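# Structure assessment
This is what each chain is made of:
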Amino acid sequence: MLHNVIDAQAATDLQILLVVAGCLLTSPYIAKFLKLPLSATEIILGSLIGFLGFIGESENFKLLANAGFYYLMFIAGMEINLKTFLNTEKTLLNKAFIYIASLYLFSILAVESMNISYIFVIIIPIMSVGLLSTLYRDFGKNCNWLNISMIVATLAEVVSIVLLTITAAFLGQGTDLFSLTQNLLYLVGFLALCIFGFKFLEVLFWWYPQLKTILMPWQDHNEKDIRFCMAIFIAIVAIMIYFKLEVALGAFIAGSFIATFFDHKKDLEHKLSSFGYGFLIPIFFIYIGSSFKLEKLLNPEVLIIAFSLTAFMIFVRIASAMVFLKNLGLKNTFLFGLSHSMPLTLLIAIATLSLGAKIISEEIYSGLVLTALLEAILAISLIKFINNFKRL
């Protein structure tokens, strides 16, 4: 009788809500039983329920998943205090640029030697801090290798997003130079505005430090601090959507500004992340899992692409990470390289873009999606496995 009360799409959305609710409730117990990372478990659950037909086409589910991803990037940004970032030693920054350059060099050599599409020059080194930020829940903020990893990954993600913006403009508009230039100018303008905003707020709060406690009181029964953060988050997402820029970058920078100028609220990140990791972010992981068709696992071409690309992407990161060997030691250098081997969302974004432009086949697309899932599961599992060894 349900179809007589609500329409088919509403029934689909209701079914998805109930299934997601079940996943949210059971995933921590399943992860503990299987001894897998929680995010990896949620991706696997998403794949299973998608395969079993419990998740249909739903724009509302996709919208909620996107909100989860943007919120994940917002929380990731809160791990970066821009004052600390800008005061990073020049030797460390030099090594970071060498590391990023070596990733692209490896990619160019691989593309030339294997005679594959040049889109892989962008795909292989692509990086995102989204999943990397989840490691703070296990290792804490005082983990040296993870802090360095986050700084380097932030720089690498900016490079990835710039290249993704250029690629999206070019593939989306053909050879329309005006559209390409317009998108780049928007991106440069946004980054310049962020730098100006940082300098302005730095001066403003230096002259009027009481503004911090006005916006975020020490004790407040109306949760003004949460409301302020949500207002900033929603506003920056709206601005990025309006100017057709990468929303993830805007959400990440917004989180960084909160962490930089309102560090007097020590419990703020905990309050925000508790909501995110308990609700929005798991929905994103479940959605990502459901987007992969499990029947593709029966296609040998897809499996070959996925396993070979996964192995190569992890290898080039660990090999390039050796530039930090003296700073981190062998064990932490491996952890550093693995922590960058989870470019889940940006990898799927560039795969979707390439498929739409018809520069890759359906098999390569499926292989890239499977690569993104494999890397996320394998990298997080290996990090926890290697970390259990006291000596390496």
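Conventions adopted
- Residues numbered from 1 in each chain as written.
- Predicted model: local features only at pLDDT ≥ 70, side-chain atom pairs only at ≥ 80, totals over all residues.
- Heavy atoms only, no water.
- Helix = DSSP H or I, 4+ residues; strand = E, 2+ residues; numbered from the N terminus.
- Buried < 20%, exposed > 50% of the residue type's maximum accessible area, 1.4 Å probe, protein only.
- Polar contact = N/O pair within 3.5 Å; in protein donor to acceptor, adjacent residues only side chain to side chain.
- Contact = heavy atoms within 4.5 Å.
- Axes fitted to C-alpha atoms, helices over the stretch in contact; angles between N-to-C directions.
- Left-handed = near helix turned anticlockwise from the far one by under 90°.
- Nonpolar A, V, L, I, M, F, W, Y, C, P; charged D, E, K, R; others polar.
- Expected span 1.5 Å × (residues − 1).
- Arc of directions from axis to C-beta.

## Observations concerning the side chain of Ser341
Structurally, the position occupied by Ser341 is in the loop between helix 17 (330–339) and helix 18 (344–356). Of the residues examined, Ser341 reaches a relative accessible area of 0% and is grouped as buried. Within the structure, Ser341 has its side chain in polar contact with the backbone oxygen of Gly337 (distance 3.0 Å). Once residues within four sequence positions are removed from consideration, Ser341 is found in contact with Met313, Ile314, Arg317, Glu375, Ala376 and Ala379.

## A closer look at the packing of helix 3 (residues 38–51) against helix 19 (residues 362–387)
Angle between the axes and distance between the axes: these two values describe a pair of packed helices. Between helix 3 and helix 19, whose axes approach to 9 Å, the crossing angle comes to 145°. The element helix 3 and its partner helix 19 pack so that their crossing is left-handed. Where helix 3 abuts helix 19, its residues Ser39, Ala40, Ile43, Ile44 and Ser47 lie against Leu373, Ala376, Ile377 and Ile380. Of the residues in the contact of helix 3 with helix 19, the class split is seven nonpolar, two polar and no charged.

## Points about the packing of helix 4 (residues 59–77) against helix 13 (residues 247–261)
One way to put it is that helix 4 packs onto helix 13 with a least axis distance of 6 Å and a crossing angle of 35°. Once helix 4 is placed against helix 13, the crossing between them reads as right-handed. Residues Phe69, Tyr70, Met73, Phe74, Ala76 and Gly77 of helix 4 form the contact with helix 13, whose own contacting residues are Val247, Ala248, Ala251, Phe252, Ala254, Gly255, Ser256, Ile258 and Ala259. By residue class, the composition of the contact of helix 4 with helix 13 is twelve nonpolar, three polar and no charged.

## As for helix 12 (residues 224–242)
With 19 residues, helix 12 should cover 27 Å at 1.5 Å per step; its first-to-last C-alpha distance of 27 Å lies within 8% of that length. Regarding helix 12, the residues found buried are Asp225, Cys229, Met230, Phe233, Ile236, Val237 and Met240. The buried residues of helix 12 occupy an angular sector of 135° when projected down its axis, which confines them to one face. Turned more than 90 degrees off the buried face of helix 12, the exposed positions are Arg227, Ile234 and Tyr242. Looking one or two residues past helix 12, Lys244 carries a phi angle of roughly 55°, positive in sign.

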